[in-house]
Amino acid sequence: MSLKLKIRLSVFLLLLLLLGLGGYAFLTMSYLEHGAHGIKQADFNAARATVLVFLAAGTAVGIVMMVRLPRIVVRPLHRLTADMERVAGPGPATRVAVGRRDEVGSVAAAVNLVLSQAQADRRTTLAELFTERNRMASLVRNLDEGLLLLDEHGIIVLANPVACDLLGLPQTALLGQSAAAVAATHELLRELLVPLAEANLAGDAVPDPVFTFPHKGDAPHYQLSISPITTAAGPGAGQPVAAGYIFCLRNVSDFKKLDEVKSTFLATISHELKTPLASIKLSLMLLQNPRTTDAERHTLAAGIGEETQRLLSMVGQLIDVSRLDAGAGIKLNVQPMRLADVIGYATRTVLPQLHDKQLQLSTTLPDTLPAVHGDVEKTTWVLINLLSNAIRYSPAGAPLCIRAVPWGEMVRVSVEDCGPGIPAEHHRRIFERFAGMPGQAEHSGSSGLGLSISREFIGAQGGQLWVESESAAGSRFLFTLPVA
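Rules behind the numbers
Residues numbered from 1 in each chain as written. Predicted model: local features only at pLDDT ≥ 70, side-chain atom pairs only at ≥ 80, totals over all residues. Heavy atoms only, no water. Helix = DSSP H or I, 4+ residues; strand = E, 2+ residues; numbered from the N terminus. Phe/Tyr/Trp six-rings, centres within 6.5 Å; stacked < 30°, edge-to-face > 60°. Buried < 20%, exposed > 50% of the residue type's maximum accessible area, 1.4 Å probe, protein only. Lys NZ or Arg CZ within 6 Å of the ring centre and 35° of its normal. Patch = residues over 30% accessible without salt bridge, like charges linked within 9 Å, V, L, I, M, F, W, Y side chains within 5 Å. Areas by Shrake-Rupley, 256 points an atom, 1.4 Å probe, with all protein chains shown as cover. Salt bridge = Lys/Arg side-chain N within 4 Å of Asp/Glu carboxyl O. Lys, Arg positive; Asp, Glu negative; His and termini not counted. Charge placed at Lys NZ, Arg CZ, Asp CG, Glu CD. Disulfide = S-S within 2.5 Å. Core = buried A, V, L, I, M, F, W, Y, C linked by side-chain atoms within 4.5 Å. Contact = heavy atoms within 4.5 Å.

Engineer: How do you make sense of unusual backbone geometry when you look at a structure like this?
Structural biologist: Note: most residues except glycine have negative phi, and most peptide bonds are trans. Located in the positive-phi region is Ala-199, a residue other than glycine, with phi close to 60 degrees. Tracing the backbone shows Ala-199 in the loop between α6 (187-197) and β3 (210-212).

Okay, structure coming up:
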């Protein structure tokens, strides 16, 4: 039975009793008005008893309705409220009990429908949150930068594997710990907290500090940037408040190496430019001296020409590098060519250098050597550069050898010397720009660009350039070109 029907029946019963009482009183009064001259005691007693019965019944029904009707209305509401509080609490309940099919039951069913929809939305939201959390965790975990996150109380709440590796501490020793407490016994972390104490944050005018981690081997330099985390202070609260700091350690070892390489290059190129310019200046002064004989003038002019050619060669290398960096590419005049002609021209070019050091150059070319497909000028430049390096690092009177042999669909050319050799760990580095030969300061005189440009030239022609060498065992530089 519905709650509305119960209320209607109760009110109808009370109304019926009141109408009965009123009707009986009306009939009695009408009877007395129409000639009733005397009323027997029995009739009076019956009328009084009837009125009392109606009054007692009405009073009883009223009392019952006063007591029961609020309970009938309020009890299901209390039960519904308790069920909703239980569902809203931390317990496992997720539905409201539907007791009867009345109005409160309809409300409970509607509440269950809303709860079901809310549960579905909650599950969807949780799935999205878990997905985003996993993505962020994977991103933070796989960053190649060290990442530390401190909350507003200075507690470490996040440390990715790179940061743990840099600090040499496991995550269990960092997460949930006070940064100041850990720094008290850990020097590296104490140094990282110094910029925070000095308010050296990311984006200000003060450069971010660079720290060195010796245990990282070839990449020990990391730059620290500290970024504050801000959160809204609430409606009408004014400025946002700080919620912590992000410590980011970025590997800048390559930039450090680049700075060192640039410094070395500037020192080398300054020395290389200064030496021929000083020689040219001295020669010009001697040429202007009236006591200089014609033979001496001729010798001085030849020396000026050699130094000028050296300067032009160096400037040409720099121009080639700038063109490559600008993306201009390498202009080639590719055509079939005979390597014997290229080798002959290159050896004639370096002949004065060979004579100065009394080196013995031998050339091995098979009669059946096929023509190759390439640029004569660029290939000759590469061979001259390889020969110049071999002459520079070879001891006086040592032999040099140029070999060319068929190599499948390619022809392989090699330049072999008896110099100090190159350790295997430096084979890749010597082809980098400005690198030069490691550990050969006594053989200075190279800008460190020749091998880099040579590899670019050979690669543009479809070949390869590499080195085969060991310490104290000489070096052999090889390159290949496709058969015409």
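Engineer: Quick question: what am I supposed to make of the environment of Leu-449 here?
Structural biologist: Its location among the elements puts Leu-449 in the loop between β10 (410-417) and α12 (450-460). Remark: the alpha-carbon pair of Leu-449 and Met-314, spanning 135 residues in sequence, is separated by 9.0 Å.

Engineer: It is not clear to me how the packing of aromatic side chains should be interpreted in this structure. Could you clarify?
Structural biologist: Each aromatic ring pair is specified by the distance between its two centres and by the angle formed by the two planes. Scanning all chains against the criterion turns up 4 aromatic pairs. Taking the centre distance of 5.6 Å and the plane angle of 85 degrees together, the rings of Phe-213 and Tyr-222 count as edge-to-face. For the pair Phe-213 and Tyr-222, a shared accessibility class is recorded, and that class is buried. Against the face of Phe-457 rests Lys-378, its NZ or CZ located 5.6 Å from the ring centre. In this structure, Arg-455 packs its charged tip against the face of Phe-431, placed 3.9 Å from the ring centre.

Engineer: Can you walk me through a positive patch on the surface in this structure?
Structural biologist: A cluster of like positive charges, contributed by Arg-68, Arg-71, Arg-75 and Arg-79, occupies part of the molecular surface. By the element assignment, Arg-71 lies in helix α2 (residues 41-88). Arg-71 sits in the partly exposed class, given a relative accessible area of 45%.

Engineer: Is there a simple way to think about the state of the cysteines in this case?
Structural biologist: In protein chemistry, a disulfide is the covalent bond that joins the sulfur atoms of two cysteines. A complete count under the given rule lists 0 disulfides for this structure. The cysteine Cys-418 is free of any disulfide, with Cys-401 supplying the nearest cysteine sulfur at 9.6 Å. A relative accessible area of 41% means that Cys-418 is categorised as partly exposed.

Engineer: Help me understand the nonpolar core in this model?
Structural biologist: Generally speaking, soluble globular proteins have nonpolar side chains that are buried together. Among the nonpolar cores identified, the biggest contains 36 residues, and Leu-383, Leu-386, Phe-477 and Phe-479 are the most heavily contacted of them. Those elements giving two or more residues to this core turn out to be α9 (339-349), α11 (376-393), β9 (399-407), β10, α12, β11 (465-469) and β12 (475-482). Sorting elements by how many residues they give to this core places α11 first, with 6 residues. Apart from the residues within four sequence positions on either side, Phe-479 is in contact with Thr-379, Val-382, Leu-383, Leu-386, Val-411, Arg-412, Val-413, Ile-458, Gln-464, Leu-465 and Trp-466. The next biggest cluster of nonpolar side chains, apart from the first, holds 23 residues, and it includes Leu-150, Ala-159, Leu-189 and Leu-192.

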